[in-house]
Every structure is written in C-alpha cells, then in structure tokens.
Amino acid sequence: MRVLSGMQPSGRLHLGNYLGALTNWKTLQEDHTCFFFVADWHALSTNYEDTGLVTTYVRELLIDWLAAGIDPERSTVFIQSHVPEHAVLQLLLSMLTPVSWLERNPTYKEKQEQLEGRDLSTHGFLGYPVLQAADILLYKADAVPVGKDQLPHLELTREIARRFNSLYTPVLVEPKELLTEFPKVVGTDGRKMSKSYRNTINLSDPEPTVRQTLKTMVTDPARVKRTDPGNPEICPVFEFHKIYSDATVIDQVNEECRTAKIGCIDCKKFVADRVVAQLSPIWEARSSLEANPAKLDEVARDGCDRASKISRQTLEEVKEAMKISV
Ligand code: TRP
Ligand code: SF4
C-alpha cells in the first residue's frame, strides 16, 4: 500500500499524539511505502495573522517525528511548502470543487466557532480540504492514517477525485482512511489530552517537568487523606496505568487503591517511572538532532527530492487528462 499522512505544525507533540498517531505511523512504515509531511501551508489557514511560530514548529515537528522513530530512509519525510506541486494541484482541483461541498464540511463551522477570536471567513480556510485533497491525490495514496475528526476531509478527497475522474480520464486514486485505533489519552486534569486544555505531557518536556506534572496530576477527589480509600475508575492516574503498566501492577493498584493500601504518591511514581522509561530514548534522540540542524535540513531536502519526483509525474498526468499541458 501507499500510505500518506500529514500534521500541522501547530505546537509540540504530546503523549496523546505519540501514542495515537506516531506509533501507528511507525508500524505502517515497516510494511508500506509511506509519505509523512509537515502541513505548513495548512497551518497558515488559521495563523495567517501571526505566522511567527509556524517555522519554529515545522522544525520541532520534524525533530519529534525522527526522535520518535519515523525513519527517513524508509519513509519519505518532507515539508509541504517545499513541494509547490501541492499548490498547483490545489488550484486545479479548486476549479471543479463546488463551494457547497466546502460549506457543508462540518469542520469548517466547528473550527470557526472554536477559534472565535480569528477571522476565518477566508477563501483559504474554506478551501482547506481542497489543499488536503491535493496533498493526498498527488501521491496516489491508497490509505491515509487519520483520527476520526478528519473523516469529512477524506470523504471530500474521494468526492473530488471521483469528479475529476469522471470529468476527464481516471488518473486519481480514491484513498481510504486508516482510523487510528488507540483510545483517547487522558490529560493531567482527566479530560482528553489536548494542547488547548494545557493538560499535556510533551515529548520535548524534560524529565523533571514530566515527573512534576505527573506528581501534581488530579486523582480521585474523594481521596483527601492517605487513609481514605479511592476509586481508580474515576482517577486519571489509573488511565495512565492502563496504558503503561503491566497487568499485575494494574490489578495491584486497582485493589490497593480501594483499600487505601497504596498511596497516591507511590501510585504516581510507578507511572512516572514507566513514562520516563518510554520517553528517555526520545529525549536522547531529540537532543542529538537539536545539536545537528544540518541533519534535519538534509532529511527535509532528501524527502523533498523524493516527493517531488512523484508529485511532478502526477501533475503531468492531471494536466494531460485536463488537456491543458502545452
Ligand atoms: N488536516 C490534517 C490535520 O489537521 C492535516 C493534513 C493536511 C493531512 N493534509 C493532510 C492529514 C493529508 C492527512 C493527509 O490533522
Ligand atoms: Fe488514583 Fe492511584 Fe491515588 Fe488510586 S492510588 S486515587 S488510582 S493515584
């Protein structure tokens, strides 16, 4: 299969992103031809007024990916804006995409409501899914690993491909989604881990921060004193155990919390040790990448070369199908 996915450079990656998307990408790259790119133009659709952080986050995202085990030898890792064919195909597809399809895209309205302070009544924001369709169709991807929130964009991509293929000749491939199965990771306040809730543990957080964050994490609010019994079912620390601890520890915590045999401090320390063990190799890889910016440039350049070969070829086929190659 040819697999493609992208992420917007809109912040540092946290454990939710790592466990949800990145570990999935890592598995996919073992058996498939994978393309992973930083969607920096997409980030402009909501950050056009203040573009300052976008370039910083592009590099941070690449560092996180590589440190987490995305292998640029196996996978083609690149930056969207380095491959201008994305913009050209976006323009051509926009000619045949009905505005009504974009207006009824649920994420269009939702995001506009969420990001209240920003003026998102722009052409670029409305056309976000057309750029995403171009990203995917340029590489004739068979499968796109995404979270549930991206399903409307995948459906639009297929509709655009179908319309193109029926208007001209069938050169575009309708992709299917690969839903990321991993259950939601809770944040330190018990809600879903999310940048906008400020309840994350980031891959770039140093060890003392991670330990401190886990130490101060909320627990069962009824467990005030050490001698009060607790209920792990409503405790976010226990959710971390379910992800990070082995079955015997989970059973032990489940029992000893209810009988107040284990205290929250020890309980949290167990989790912290496991999280630190998982993050340690990532931290090491991060710091060697940070010390070697040339390596990052080389990865991006090589990825761009490989991506460009394919995207130029597809764009040629698209123009021929449309009878506009002169
Ligand atoms: N819209 C995606 C997100 O916000 C990012 C993205 C852009 C993407 N282009 C893509 C994902 C192509 C998959 C395929 O998460
Ligand atoms: Fe939560 Fe663990 Fe404390 Fe029980 S012992 S309330 S599971 S932190």
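Residues numbered from 1 in each chain as written. Chains lettered and ligands numbered in written order. Predicted model: local features only at pLDDT ≥ 70, side-chain atom pairs only at ≥ 80, totals over all residues. Heavy atoms only, no water.

**Things to note about the site of ligand 1**
And step 1. Close contacts around ligand 1 come from 14 residues, with His42, Tyr128, Gln132, Asp135 and Gln150 the closest.
And step 2. The contact in question runs from a nitrogen atom of ligand 1 to an N or O atom on the side chain of Gln132, over 2.9 Å.
And step 3. When the free accessible area of ligand 1 is taken as 370 Å², the share hidden by the protein chains comes to 89%.
And step 4. If you tally residues by element for the shell around ligand 1, the top one is helix α8 (residues 128–137), at four residues.
And step 5. Of the residues in the shell around ligand 1, the class split is seven nonpolar, six polar and one charged. (Near = heavy atom within 4 Å. Polar contact = N/O pair within 3.5 Å; in protein donor to acceptor, adjacent residues only side chain to side chain. Areas by Shrake-Rupley, 256 points an atom, 1.4 Å probe, with all protein chains shown as cover. Helix = DSSP H or I, 4+ residues; strand = E, 2+ residues; numbered from the N terminus. Nonpolar A, V, L, I, M, F, W, Y, C, P; charged D, E, K, R; others polar.)

**So, helix α2 (residues 40–47)**
And step 1. Among the eight residues that make up α2, six are buried, leaving the element largely enclosed by the rest of the structure.
And step 2. All buried positions along α2 are accounted for by Asp40, His42, Ala43, Ser45, Thr46 and Asn47.
And step 3. If you follow the buried residues of α2, they end up packed against β2 (33–38), α3 (54–68), β3 (76–79), α7 (123–126) and α8. (Buried < 20%, exposed > 50% of the residue type's maximum accessible area, 1.4 Å probe, protein only. Contact = heavy atoms within 4.5 Å.)

**Considering the domain arrangement of the protein chain**
And step 1. The domain boundaries assigned to the protein chain delineate domain 1 (2–185 + 293–322) and domain 2 (205–286).
And step 2. The centre of domain 1, based on its C-alpha atoms, is set 36 Å off from the matching centre of domain 2.
And step 3. Carbon and sulfur atoms make up 70% of the area that domain 1 and domain 2 hide from each other, which totals about 810 Å².
And step 4. Among the residues domain 1 hides against domain 2, the three largest losses belong to Leu15, Tyr18 and Ala67. Together they make up 52% of the total.
And step 5. Where domain 1 meets domain 2, there are two salt bridges.
And step 6. For Asp64, the salt bridge identified is with Arg286, shortest N-O distance 2.3 Å. (Domains from an automatic or database assignment. Buried area = accessible area lost by both parts, 1.4 Å probe. Salt bridge = Lys/Arg side-chain N within 4 Å of Asp/Glu carboxyl O.)

**Considerations on the packing of aromatic side chains**
Centre-to-centre distance and the angle between the planes together describe a pair of aromatic rings.
And step 1. All chains considered together, the criterion is met by eight aromatic pairs.
And step 2. Ring centres of Tyr108 and Phe125 lie 5.7 Å apart, and the angle between their planes is 35 degrees; this geometry places the pair in the tilted category. Separated by 17 residues along the polypeptide, Tyr108 in helix α6 (residues 106–114) and Phe125 in helix α7 bring together distant segments of the chain. The two residues Tyr108 and Phe125 agree in class, both being buried.
And step 3. When the centroid spacing of 6.3 Å and the interplanar angle of 10 degrees are considered together, the rings of Phe240 and Tyr244 count as stacked. (Phe/Tyr/Trp six-rings, centres within 6.5 Å; stacked < 30°, edge-to-face > 60°.)

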